[in-house]
Amino acid sequence: MEASWPRAASKSLKQSYTKLFASGSSLSRIRDAALADRLFTSPSDNLNVCQAGRSLAWKLFLLPPDEPLQPLPEATPPIASIRDSRKKYSSLLLEHMRAPDGSYEEGFTVPGSSSSPQRRASASDLETNNPLSLHNENPWKEWFSAVSLRETILQDVERTFPEISFFREPEVQLQLTNILFIYSTVTNPAVGYRQGMHELLAPLYYAVDYDSVEETPAEAENDSTLHELCSRAWVAADAWALFEAMMRGASRWYEWQEPPAASRTNPSPFATHVNIAAGPVEIKPYITPVVEDCNRIQSNSLRTTDPLLWKHMQAAGIEPQIYGIRWLRLLYTREFDMPSAMKLWDGLFACDPTFGLAPWICVAMLIRIRNELIPSDYSGQLTSLLRYPSYSTADGPHHTSILLRQALALQMSPSQATGESLIVENRNLLNIPIEVPEPPPPPQRRGTRSGRDKAPPPSGTTSSGAKTSVDSRQQAAPQMGLEVFARGLLERGENLGINKTFMSAVPELRRNISELALSFVRSPTAPSFPLLDERPPEERPPWEPKSRLEIEREITSLQSANRRLGQSLGWAVDVLLQDETDSKDLPRLQRSKREALEAISYVRDILTRNLTEIEEERLFGEEELARRKKAVEDKLKKPVYGPVVDAPQPAAPTPVPVIESRYKVAAPTSYSMPAPMASSHSAPPASTTSALSPTSPSTGRAPWHYTRSNFSGGTLPSASLPRIPPPTSATVRRPPEASREARRTSPPRRAQSNTEHDPLGVS
Amino acid sequence: MSKQFQFKLVLLGESAVGKSSLVLRFVKDQFDDYRESTIGAAFLTQTVTLDDQTTVKFEIWDTAGQERYKSLAPMYYRNANCAVVLYDITSSATLEKARTWIRELQRQADPSIVIALCGNKSDLAARRQVSEEEAKKYAEEEGLMWAETSAKSGEGVSEIFTAIAKKLPLTAPPTSSRAGAGRAAGRAGVDLNKQASAQPGQDACNC
């Protein structure tokens, strides 16, 4: 069969094979490469949909490995499992494509060969085994239903990816139909064939076929494994194996079957009350998993990570199934073009073949188009959701890699802070402004909806205009730096065993904070979300992680404290190293040594008890202290200990004469002083903290402060109270929607037709 | 002064009878030989101008044909003002399917819903399995609008949508009040009673 469609060049195929299986890379390294879109060495050109070697990577990610017990194995080609599945597919096909009289349809060939199978006449009772028999056990009945199932499947297969000519080939269509038929009758008869499965299979088949090689004996000797893995004779069987593996994770989104008729109680007069009180978990006999997942995406995940967007979607009455079903069932093949979707699949298969990440990708996708969604009305939101806008990054990471990384970040820490970091990242990498555009003012409702290319509405002040220009200028530099940075982190993360995405998020944020702070100083209007989480810690509910600013602050103060302790130890060591024998002033040295020992024990106390208040005087001996103070004064009070200066520093100048005098007048007491203090430190921690007057920010975060936050509830909208409105309703009002109010109060007929007054009128 | 109305229209029918193609012809006046299967639903809008300068804007929900297990379709036909139920004139099985859709609409949808039965692919009359008489008779019995269309040639497409627009209650407030109320409840309900009544409808999509 000579193909009229592109196939992988054997050179680049071999390159990919070497990179995957012959370079000694560990599986996790390959996975990271897939996530960061570094899997294929050759640059992707737009002429070819697929990349050479992609099917190899997919086989590696999806199929069971040959040596599953080996920990952290080097990636090995799953050759045994390929052989296995080929055999299995072949026998399944032979079994299920055979008509009850033992014949096969014309043109049917045994997989792996080009010959037709032998007709095996089955000796059976003609009474039942006969196409016209009305007998209940007539095998022809089953056969006819199988034929009609194949017709149904073909109906969808025929129109798979209409723009890709590969899928118009009758041979390809036949193979796709067979694979789907085997899957839906043998593997998963409970779900059967459902529209959309064909579109999951098609890219798999395409990738396998793209990499397939003709088995010629001469070449096969050199790279026997590569040739066996990519054997053209087994394209269909390999695509089937990949599809089976994929559906293990994806089939839940196709489930539709109701459980056997549950006893439905008659609705009592109180039924509705109960329903309302119980919120979304009211008596429902069966919710398909896909609907469940969709609801979770919008009302849990999105609500936690981007409450503002959630509020607007909820207010518009968007049901998550409307977009979620297609996104999940097809795994984004309609939202992105084929090359991008395949890239996305690379990462998806690499990190989790059960697709636990998929819903988080949906959340990241929603956050990416929040500027389209938030200002739009119902119809505008639908349009954005069902015709997902396309994005491109000129250089830097591919937009699907960004999406994957963001989804991982959301999955790792589903919090508003992560959601906000996504918005910042989208600004930096995709040039999506942070500020949500205002909804178009009522008189301009004829204009287009808030398209991406649309200029910001005139309502903005001059400063916002200036800011956008600054944004675009600033954009280039961080983009480059970030990518390099993120890649380095990804590589290192493997060894550290820490989630890479999480790690990369923190430094990225640090880079952005100063920039962000600047932009807020410039913008007079409040931002649409609290980017700098400046709620005092006691107002923050206990389940929320600390804001990044707080963490940064803590780290900085910790670092400066460490530096001070280190200086103290350094001084003590210096003192202790001095030889007493050749000292001119022995008592002074002995005193110093005693001071040094006291300082060391104080440092020990600080470190073991995790004290946050450090008394400067106790870190050094008196002479040293005086010397240091002088040095500080000489430096014109330039901060020595880093940007965060704790309380003791300002108080420093005053004690000098006091200590001086105390030393002269009552030297012994000055030495005995530290001892009782030290003993007070060894007292129970509660008394210690109170004695030390905890004013530092970290001690303010004591657990008892959390009690209040449950009720102050700064973050939680009132909708979280027991009476949760149904998802369709809009309890959260949007101010500009006066006409909606009018619609409710005026006779509905008139209100409905009165579209002239619809401020967000759809066009 | 011209008046403007907005209605929700839902397209139902067996897989591959040409629902998406019909909408594409109506909205963009285009036709593709291969149109990818609809997954979930598609949403489009198109405005029709009637003789008296009244404009009717259709919010069209183009549903997936295979959602035959009634798990999702109610979400789309709930609060719909009109429905176009499509069958393929070259396949009598699709008319059967259309009948079940119509029964379901009559039972579950808004009582004032305007239903049109459409025989698509009239350009393939040579392979006809459903006669005009049969479909017409059924439509009359059920009080439905009926037409044959061809998304490929465009025959009868804008006509059926215009006819629906004319049939929709553009002037009489009493009949339309129900539709309007249902719509408000489904979209942006605030009234608690309406929410409560909308709730069961919403449940219906899951059972």
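Residues numbered from 1 in each chain as written. Chains lettered and ligands numbered in written order. Predicted model: local features only at pLDDT ≥ 70, side-chain atom pairs only at ≥ 80, totals over all residues. Heavy atoms only, no water.

Per an unreviewed UniProt entry, chain B is named GTP-binding protein RAB5, and its organism is Mycena belliarum. The UniProt entry for chain B carries this comment under Subcellular location (unreviewed entry): "Cell membrane". (UniProt positions renumbered as here; feature names shortened; annotations may be inferred.)

The name an unreviewed UniProt entry assigns to chain A is RabGAP/TBC, from the organism Mycena belliarum.

Section: the overall build of chain B
In terms of helices and strands, chain B carries seven helices and six strands. When the helices and strands of chain B are placed in sequence order, the string is β-α-β-β-α-β-α-β-α-β-α-α-α. When each of the 207 residues of chain B is scored for burial, the buried share is 59%. Residue pairs at least 24 apart in sequence account for 72% of intrachain contacts in chain B once pairs closer than 6 positions are excluded. For chain B, the accessible surface area stands at approximately 8100 Å², while carbon and sulfur atoms represent 48% of it. (Helix = DSSP H or I, 4+ residues; strand = E, 2+ residues; numbered from the N terminus. Buried < 20%, exposed > 50% of the residue type's maximum accessible area, 1.4 Å probe, protein only. Contact = heavy atoms within 4.5 Å. Areas by Shrake-Rupley, 256 points an atom, 1.4 Å probe, with all protein chains shown as cover.)

A word on the pattern of salt bridges
Residue and element names in this part refer to chain A. Under the criterion given, the structure shown has 30 salt bridges over all chains. Residue Asp-209 is joined to Arg-7 by a salt bridge in which the shortest nitrogen-to-oxygen separation is 2.9 Å. In this pair, Asp-209 sits in helix α7 (residues 197-211) while Arg-7 sits in the segment before α1 (10-22), placing the two residues 202 residues apart along the sequence. Residue classification places Asp-209 among the buried positions, given a relative accessible area of 3%. Counted as one network, the salt bridges with shared partners bring together Lys-59, Arg-86 and Asp-238. (Salt bridge = Lys/Arg side-chain N within 4 Å of Asp/Glu carboxyl O.)

Here's the deal with α1(A)
Since the α-helix packs 3.6 residues into each turn, any two residues three or four apart lie on the same face. Residues and elements named next belong to chain A. Turning to α1, its buried residues number three or more, namely Ser-12, Leu-13, Ser-16, Tyr-17, Leu-20 and Phe-21. All buried residues of α1 project into a common sector of 145° when viewed along the axis, lining one side. Turned more than 90 degrees off the buried face of α1, the exposed positions are Lys-11 and Ala-22. Where α1 is buried, its residues meet α2 (27-35), α3 (54-62), α7 and α9 (224-229). Immediately downstream of α1, the backbone of Gly-24 shows phi near 75°, a positive value. (Arc of directions from axis to C-beta.)

Things to note about the packing of aromatic side chains
In the structure shown here, the tally under the stated rule is 28 aromatic pairs over all chains. An aromatic cluster is present here, built from A:Trp5, A:Phe161, A:Phe166, A:Phe167, A:Tyr205, A:Tyr206 and A:Tyr210 joined pairwise through their rings. Over the face of the ring belonging to A:Tyr391 we find A:Arg368, whose NZ or CZ atom lies 5.4 Å from the ring centre. Stacked on the ring of B:Tyr138, the Lys or Arg B:Arg99 has its end atom at 4.4 Å from the ring centre. (Phe/Tyr/Trp six-rings, centres within 6.5 Å; stacked < 30°, edge-to-face > 60°. Lys NZ or Arg CZ within 6 Å of the ring centre and 35° of its normal.)

Here's the deal with the sheet that holds strand β4 (residues 82-88) of chain B
Pairing is mixed in the open sheet, where six strands are placed in the order β2-β3-β1-β4-β5-β6 (chain B). The open sheet terminates on both sides in strands that have one partner only, identified here as β2 (41-49) and β6 (145-148) of chain B. Strand-to-strand, the axes of this sheet are offset by a mean angle of 25°, without reference to chain direction. Two elements, strand β1 (residues 4-13) of chain B and strand β3 (residues 55-63) of chain B, share eight bridges in a ladder whose sense is parallel. Paired with B:Lys8 across the two strands is B:Glu59, which belongs to β3(B). Here helix α18 (residues 378-386) of chain A sits on the sheet and contacts β2 and β3 of chain B; the angle it forms with β2(B), its principal contact strand, is near 130°. (Pairing = 2+ DSSP bridges. Axes fitted to C-alpha atoms, helices over the stretch in contact; angles between N-to-C directions.)

Notes on the side chain of A:Gln381
Position of A:Gln381 among the secondary structure elements: in helix α18. Excluding anything up to four places from it in sequence, A:Gln381 contacts A:His312, A:Met313, A:Ala316, A:Ile318, A:Leu373 and A:Ser376.

Focus on the pairing of strand β5 (residues 114-120) of chain B
Residues in a regular strand project their side chains so that they alternate between the two faces of the sheet. Residues and elements named next belong to chain B. Burial runs high along β5: seven of the seven residues are buried. The alternating pattern of β5 places Val-114, Ala-116, Cys-118 and Asn-120 on one face and Ile-115, Leu-117 and Gly-119 on the opposite face, and all of these are buried. Sheet topology places β4 next to β5; seven bridges connect them, and they run parallel. Note on β5: the bridge partner recorded for Asp-88 is Asn-120. Handedness of the crossover joining β4 and β5 through helix α3 (residues 92-108) is recorded here as right-handed. Summarising the sheet, β5 and β6 pair through four bridges and their orientation is parallel. Pairing of Cys-118 across the sheet is with Ala-147, part of β6. Where the polypeptide runs from β5 across helix α4 (residues 132-142) and back to β6, its parallel neighbour, the crossover connection is right-handed. (Right-handed = clockwise from strand over helix to strand, strands pointing away.)

Concerning the pairing of β4(B)
All names here are of chain B. With seven of its seven residues buried, β4 lies for the most part within the structure. Covered by surrounding structure in β4 are Cys-82, Val-84, Leu-86 and Asp-88 together with Ala-83, Val-85 and Tyr-87, the residues of both alternating faces. Of the pairings in the sheet, the one linking β1 to β4 comprises five bridges and is parallel in character. Bridging across to β4, Leu-12 finds its partner in Val-85.

Things to note about unusual backbone geometry
Residue and element names in this part refer to chain A. With a phi angle near 60°, Asp-37 is a residue other than glycine that sits in the positive phi range. Note on placement: Asp-37 falls in the loop between α2 and α3. By relative accessible area, Asp-37 is classed as partly exposed at 26%. Phi angles above zero are rare outside glycine, and Phe-355 is one such case at about 60°. Note that Phe-355 resides in the loop between α15 (338-351) and α16 (358-368).

Concerning the packing of helix α19 (residues 399-412) of chain A against helix α20 (residues 416-430) of chain A
Helix packing for two helices is described by the angle between their axes and how far apart those axes are. Residues and elements named next belong to chain A. It is the contact of α19 with α20, at a shortest axis distance of 10 Å, that shows an interaxial angle of 165°. When the axes of α19 and α20 are compared, the pair comes out roughly antiparallel. As α19 runs across α20, the sense of the crossing is right-handed. Between α19 and α20, the residues in contact are His-399, Ile-402, Arg-405, Gln-406, Ala-409 and Leu-410 and Thr-418, Gly-419, Leu-422, Glu-425, Asn-426, Leu-429 and Leu-430, respectively. (Parallel < 35°, antiparallel > 145°, perpendicular 65-115°, else oblique. Left-handed = near helix turned anticlockwise from the far one by under 90°.)

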